[in-house]
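For reference, the chains in residue letters:
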Amino acid sequence: MNTSLNRRDFLGMLSSGLAGMALGGCGGRPVPQRKPNFVIIFCDDQGYADVGCFGARGFETPNLDRMAEQGIRFTDFHASTAVCSASRASLLTGCYPERVGILGALFPQSETGLSSDELTIAEMLKEQGYATAAFGKWHLGDAPPFLPTRHGFDEYFGLPYSNDMWPHHPTIGDQFGPLPLIEGEQVVKYLDDQSQLTTWYTERAVGFIEASRDRPFFLYLAHNMPHVPLFVSEKFRGKSARGLFGDVIMEIDWSVGQVLKTLGELGLDENTLVIFTSDNGPWLSYGDHAGSAGDLREGKGTMFEGGMREPCIMRWPGRIPAGAVSSELATTMDLLPTLAGLAGGRLHGHKIDGHDILPLIEARPGARTPTDVYYCYYAGELRAVRSGRWKLHFPHAYRTMAGRPGGTGGLPEPYSSAEIGLELFDLQSDVGETTDVADRHPEVVARLQGLAELAREDLGDKLTERVGKGVRPPGKYEWDKPKKAEEADQQERPDW
Ligand code: MG
């Protein structure tokens, strides 16, 4: 691994040098060219089928659809797991959550958070001279040393954890204190109403792009929506035929449009890679306030495709051919190494799990996924392993609505528990994971079991009580005030 990292570092520096110089000016003398800008728009609990061009019904997403028409749509793109904090840790570090020790969803006054020893996309790019900003949900620890400003972001404005961790939670509100809105590292307001959040984040995003127009920038726009409790501004209230959930997605789509419009007006389109995706699948127990995973099985909190396969669109006029579609496997962990390659960023020897997927993003002919094996971990449990078309589940319990519709009006219905045995699915012919074909392909089962052993040795596995040799500890913090939440440490609660 070190060898490949060193090689990647070297190649990154080399490409930076090459990309950073072009012949021009007097006498063909090389002149510096600007590094590309990056915008990652990361939604919360938006399901695979919650975008028009991914099959949404009852609302329209014209800006996201146009973004796909101008760029590439990934149909086999995955968050690394199916719950908020762990998924976000992966995106920003390029690692499985187990490697960086962030599992589940962190609660207010968490004693753990993203370690300062980890390298985030923001830190990697800041080192290359980028302006960096995070607007929206953080959820990698709310103690001061864990905040975005300590992880490479020049600016931060948003909520430090999930927007339902507040006194108005429909069932456990008494566990939470008021919901803080943070600017930099200071609480600027406690929220009783979230209807302006998407608008505020969008205004910040546009302002940051305008202010950074003359230098390379990285914008991480992590909407709190459509995670419950759903809120929408008056601009979109009642606009969709899908109720409040559809209204919320329409406002997110508007926000995407504002970002793209700003880039266009500033002449930055051809120097900016914009990425849109989500952290995990729909929270099905919330019924009409949850999204949809379409034909995929289950949703958030499970390692079926509905929990972790996400809508993903990337746009970069001039670099990505218009209207491209990729059915190659890619993950949020691939973003850090890909952006590092484009920016000439260095990884400083950090062992990561993602791969540079620029050939996929650029839809180069014949480009194939560099991910030969993909481990489906949930809260420390290796629940499944994916290789090519095959996905092997290991025996485990999972939560399900078992065909029930879920709650209404923002109230959840309880999940029931189900169990799956050693079951093999062919995602190429059965993306809904309906038919176990393990008996027909014993050699595939054996191969994937062998791959799983490698992961257990490296990253551990609570299902088989293994401790991984390659895990790194999360950051630790001792609060001097009493905890508000009954359990403020890392949560593996099945109902979150
Ligand atoms: Mg989420």
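Only a predicted model underlies this, so the values are computations on that prediction, with no experimental measurement involved. (Residues numbered from 1 in each chain as written. Predicted model: local features only at pLDDT ≥ 70, side-chain atom pairs only at ≥ 80, totals over all residues. Heavy atoms only, no water.)

1. Structural notes on the overall build of the protein chain
Within the protein chain, the regular secondary structure consists of eleven helices and 21 strands. Its C-alpha atoms give the protein chain a radius of gyration of 21 Å, within 12% of the compact-globule value 23 Å for 496 residues. Summarising its shape, the C-alpha atoms of the protein chain cover approximately 70 × 55 × 50 Å along the three principal directions. In the protein chain, which comprises 496 residues, the proportion classed as buried is 61%. For the protein chain, contacts bridging at least 24 residues in sequence account for 71% of all contacts bridging at least 6. As displayed, the protein chain offers around 18,500 Å² of accessible surface, 51% of which is attributable to carbon and sulfur atoms. Here the protein chain carries 49 positive and 67 negative side-chain charges, and the mean point of each set is 4 Å from the other. (Helix = DSSP H or I, 4+ residues; strand = E, 2+ residues; numbered from the N terminus. Rg over C-alpha atoms; globule rule 2.2 N^0.38 Å. Buried < 20%, exposed > 50% of the residue type's maximum accessible area, 1.4 Å probe, protein only. Contact = heavy atoms within 4.5 Å. Areas by Shrake-Rupley, 256 points an atom, 1.4 Å probe, with all protein chains shown as cover. Lys, Arg positive; Asp, Glu negative; His and termini not counted. Charge placed at Lys NZ, Arg CZ, Asp CG, Glu CD.)

2. Overview of the coordination of the magnesium ion
Here the magnesium ion is held by the protein donor atoms D44 (OD), D45 (OD), C84 (SG), D279 (OD), D279 (OD) and N280 (OD1), which lie 2.1 to 2.7 Å from it. Between the six donor atoms coordinating the magnesium ion, the angles at the centre fall across 53 to 160°, so the site counts as irregular. If you list the donors of the magnesium ion from N- to C-terminus, the spacing comes out as D-D-x38-C-x194-D-N. Of this pair, C84 sits in helix α3 (residues 84–93) while D279 sits in the loop between β11 (272–278) and α8 (305–308), placing them 195 residues apart in sequence. Overall, the relative accessible area of 1% leaves C84 in the buried class. On the basis of relative accessible area, D279 is assigned to the buried category, the value being 0%. (Donors = N, O, S within 2.8 Å, 3.2 Å for Na, K, Ca; no water. Tetrahedral: all angles 85-135°; square planar, octahedral: opposite > 155°, others 65-115°.)

3. Some points on the pattern of salt bridges
This structure, assessed with the given rule, holds 29 salt bridges. For the salt bridge of D76 with R386, the shortest nitrogen-to-oxygen distance reads 2.6 Å. Highlighted residues: D76 in strand β4 (residues 72–78) and R386 in strand β16 (residues 381–387), separated in sequence by 310 residues. Here R386 falls in the buried class, since its relative accessible area comes to 5%. The partner of R389 in a salt bridge is D426, with the nearest N and O atoms 2.9 Å apart. Taken as a pair, R389 in the loop between β16 and β17 (390–393) and D426 in strand β20 (residues 423–426) lie far apart in primary sequence, 37 residues in all. By relative accessible area, which is 9% here, D426 ends up buried. Salt bridges here are not isolated pairs; linked through shared partners, they connect D76, E305, R309, R386, K391 and E433. (Salt bridge = Lys/Arg side-chain N within 4 Å of Asp/Glu carboxyl O.)

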